[in-house]
Every structure is written in structure tokens, then in C-alpha cells.
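Each chain, written out:
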Amino acid sequence: MKKNVVSILIALLFLLPVSSVQAHHFPDLSKYHFAYYSIHNLSKAGILNGYSNGKFGPNDNVTRAQAALILAKTLKIDLNTKFKPAFTDVPTTHYAYKEIAALTEKGVFADATKFNPDNPLPRAQMAKIVVAGFDITVDANDEISFKDVPLTHWAHSYIVTMAEVNITRGITTATFQPETLVTRAQLAAFIERSIQFSERVNAKTITYDKAKKAYSGVTSVAYDTIAMVNEIRQAAGAGKLQEDSALTKIAQLKAEDMARNNYFAHSSPTYGLPWEMAIDLGYPTNQVGENLASGYITANETVDAWMESSGHKDNLLLKSYTVIGVGYTEDSDGFPYWVHIVCD
């Protein structure tokens with residue numbers, strides 16, 4: 001496996017538009033926005049709407065009432081309920097009364113004197129309503145922790161559970177910032193990830209282990225790209241790639257390095273070029289290929305974009321490659337970075 005010469009096939013991708021996706025046009029939403037596809041998919045499904053001026057307002061804060069509308073549409077909640085919540089600030093004439101009432105009956109919102117419908121939604125409240133709305137089992141394993149979310153925080157279990165199933169992540173690796181307000185774009189990304197998680201639970205690729213009190217089958221979204229690439233490789237007559245845990249550690253470090261240091265390039269200010277990084281971290285070859293992508297929310301969109309780029313396609317379909325490592329992370333704004341490292 002050791003090579004005497006440096007040989008690398010690398011190709012750089014920065015948000016190459018996927019021709020098969022015709023996104024709904026919001027003039028204030030760039031195709032390079034981190035939540036572009038989530039907003040498009042939810043808009044197409046009738047879950048999200050733009051403003052009367054045609055704009056989406058991706059950076060606008062979401063109010064509690066707006067979040068109720070979006071969640072109720074997503075969950076297809078039956079609004080014909082006789083339940084009457086105790087909120088004195090949400091009259092029956094309120095535009096979101098039925099949604100708020102139905103979700104409160106379901107236990108998503110606490111039935112209290114005040115609902116504060118016009119208050120912006122903080123990340124802690126977002127975690128609670130998403131976990132409760134999608135019936136995600138809450139556990140207290142604390143496999144993930146944030147230094148600003150102590151055990152005594154009222155939303156601790158919701159936040160940790162949501163992070164453990166990869167629907168949300170911290171603003172940094174150590175902090176969640178529970179009081180930071182959620183934007184319309186961020187909520188779109190959270191909702192789409194929750195839908196995808198729910199679909200995998202329904203398909204039983206993710207199951208809840210009562211004995212371990214944890215979900216099994218939950219992996220980084222980057223792992224989903226391996227099966228997709230292998231399906232394409234098999235159709236092209238190339239062999240399947242095996243996931244290599246050592247390569248995955250390297251790919252994950254590269255993704256985190258890009259997010260932390262705000263760059264998008266094969267040459268890392270921390271680790272140097274891909275083959276230098278592999279050798280320095282103890283991987284026994286200097287012949288590696290690296291594919292990068294940023295801005296895509298789902299594995300499908302990322303792989304589709306790579307396959308529409310001739311350089312990336314050639315790299316991923318090279319027959320001499322036998323193993324792959326994958327990495328994924330998001331920066332503090334929720335902007336995603338994807339890394340594939342392949343070698344023979």
C-alpha cells in the first residue's frame with residue numbers, strides 16, 4: 001500500500017448547481033446559501049412560504065406562532081380539535097390559533113397562561129418542540145454535552161437528544177447557545193433533517209434500543225454518501241469502496257478544520273496538502289484523492305453535485321481506489337462542509 005511517488009487526483013467543488021433541481025426562486029436566497037435546498041424542498045411541499053413581496057427572509061427570526069404553523073404543516077396535524085388551551089394571548093381569531101391549540105394538545109407546547117406568539121424562537125425552545133413534535137424518544141445518556149447546557153437547564157434532555165440524532169449541532173463543538181434566536185433558514189434545515197430522521201425511523205434503518213436507551217443506526221450524514229457512491233461505482237464497473245475508520249478520522253478533521261478556520265481548499269493551513277495530512281497522521285500511503293463540497297444539506301445533493309463535475313466524477317470512479325473516509329461538519333452559521341478521502 002505504501003507508494004514511492006506522490007500521486008493525487010483532486011478536484012474542487014464549491015456549490016455546483018445540480019441541474020435536476022429547479023429551485024423555487026426567492027430573490028433574497030442565493031443558490032449558495034446553506035439552507036437553499038431545505039427551503040426549496042419545504043417550499044415545494046407547501047410547508048414554507050415567502051413574504052408577499054416574493055422574498056423569503058432567510059435571516060429573519062422565527063416567531064413562536066410561525067414555528068407552530070410550520071411544524072403543524074410538516075406533521076400534518078389534525079386541526080379539528082375541541083381542545084382549548086389556556087393561553088390568554090392567543091384568541092380564537094389568531095391566525096395560528098388552530099395550529100397552536102392542536103400542538104399544545106399533543107404536548108409540543110406547554111399549556112400555560114401565556115404563549116407569547118410574537119416572541120422570537122430561541123434554539124432551546126426549538127429543540128423542545130422538534131423533539132416533542134416528531135416523537136423522538138428522549139434519553140439521558142449524555143453522549144454529547146455542551147458546556148452552556150448544564151444538567152439543570154430546562155431543555156437539557158431535548159437539546160442533547162436532538163444533537164445525538166444529528167438533527168442539530170452546537171454553534172461550536174463545545175457550545176449550543178440555547179438562547180440564540182432561530183432564523184427562518186435555520187428552522188428550514190432543522191425541519192428537513194427531522195423529516196429525514198423520521199423517514200429512517202419509519203423505514204427501520206434507525207431503531208430505538210430500549211435496553212441501551214439510545215437510537216441505533218444513527219450515523220453522520222456523511223456515511224450516507226458511501227452507499228450512493230458505491231451504487232454509482234458498481235453501475236460504472238468499478239469496485240465498491242470500503243469505509244476505512246482511519247481515513248474517516250482524517251476526513252472529519254479536515255472538515256472541522258475548514259469550518260473552524262473559514263476556508264474551502266485542499267491545502268489546509270493546519271495540515272497542509274491532503275497527502276501530507278495523511279502521512280503526518282500516520283496513514284500508510286501518500287496516494288490519496290480528496291473531494292470537497294460545501295453548502296449542501298443532504299447527502300443526495302452532495303453526491304449529485306460531485307457526479308455533475310467531471311473532475312469529481314473521475315476521482316470517485318477511479319478503479320484503483322478501494323477505501324474511503326468521510327467527514328462532515330458545520331460552521332457556527334450552520335454552513336456545511338463535506339469531505340471524501342479515497343485511496344487504494
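In the nomenclature of an unreviewed UniProt entry, the protein is known as SLH domain-containing protein of Planococcus kocurii.

Caption draft 1: Spotlight on the overall build of the protein. Secondary structure summary: the protein contains 11 helices and 7 strands in total. The proportion of buried residues among the 344 residues of the protein is 52%. When contacts within the protein are restricted to residue pairs at least 6 apart in sequence, those whose partners lie at least 24 apart make up 71%. Each charge sign in the protein was given a centre, from 31 positive and 35 negative side chains, and these centres are 4 Å apart.

Caption draft 2: Fine view of helix 6 (residues 184–202). Here helix 6 spans 27 Å end to end across 19 residues, near enough to the 27 Å set by a 1.5 Å rise per residue. Taken residue by residue, helix 6 has R184, A185, Q186, L187, A188, A189, F190, I191, E192, R193, S194 and F197 as its buried positions. Among the structural elements, helix 1 (36–44), helix 2 (64–75), helix 4 (123–133), helix 5 (156–164), strand 3 (214–216) and strand 6 (323–330) are those in contact with the buried residues of helix 6. Just past helix 6, the residue K204 takes up positive phi, approximately 65°.

Caption draft 3: Just the pairing of strand 6, in detail. When you tally the buried positions in strand 6, you get 8 out of 8 residues, the bulk of the element. The alternating pattern of strand 6 places V323, G325, G327 and T329 and I324, V326, Y328 and E330 on opposite faces, both of which are buried. Where strand 6 meets strand 7 (residues 336–343), 8 bridges bridge the pair, whose relative direction is antiparallel. Among the inter-strand pairings, G325 is bridged to a residue of strand 7, identified as I341. Hairpin connection of strand 6 to strand 7: 5 residues between the antiparallel strands, including G334 at a positive phi of 85°.

Rules used throughout
Residues numbered from 1 in each chain as written. Predicted model: local features only at pLDDT ≥ 70, side-chain atom pairs only at ≥ 80, totals over all residues. Heavy atoms only, no water. Helix = DSSP H or I, 4+ residues; strand = E, 2+ residues; numbered from the N terminus. Buried < 20%, exposed > 50% of the residue type's maximum accessible area, 1.4 Å probe, protein only. Contact = heavy atoms within 4.5 Å. Lys, Arg positive; Asp, Glu negative; His and termini not counted. Charge placed at Lys NZ, Arg CZ, Asp CG, Glu CD. Expected span 1.5 Å × (residues − 1). Pairing = 2+ DSSP bridges.

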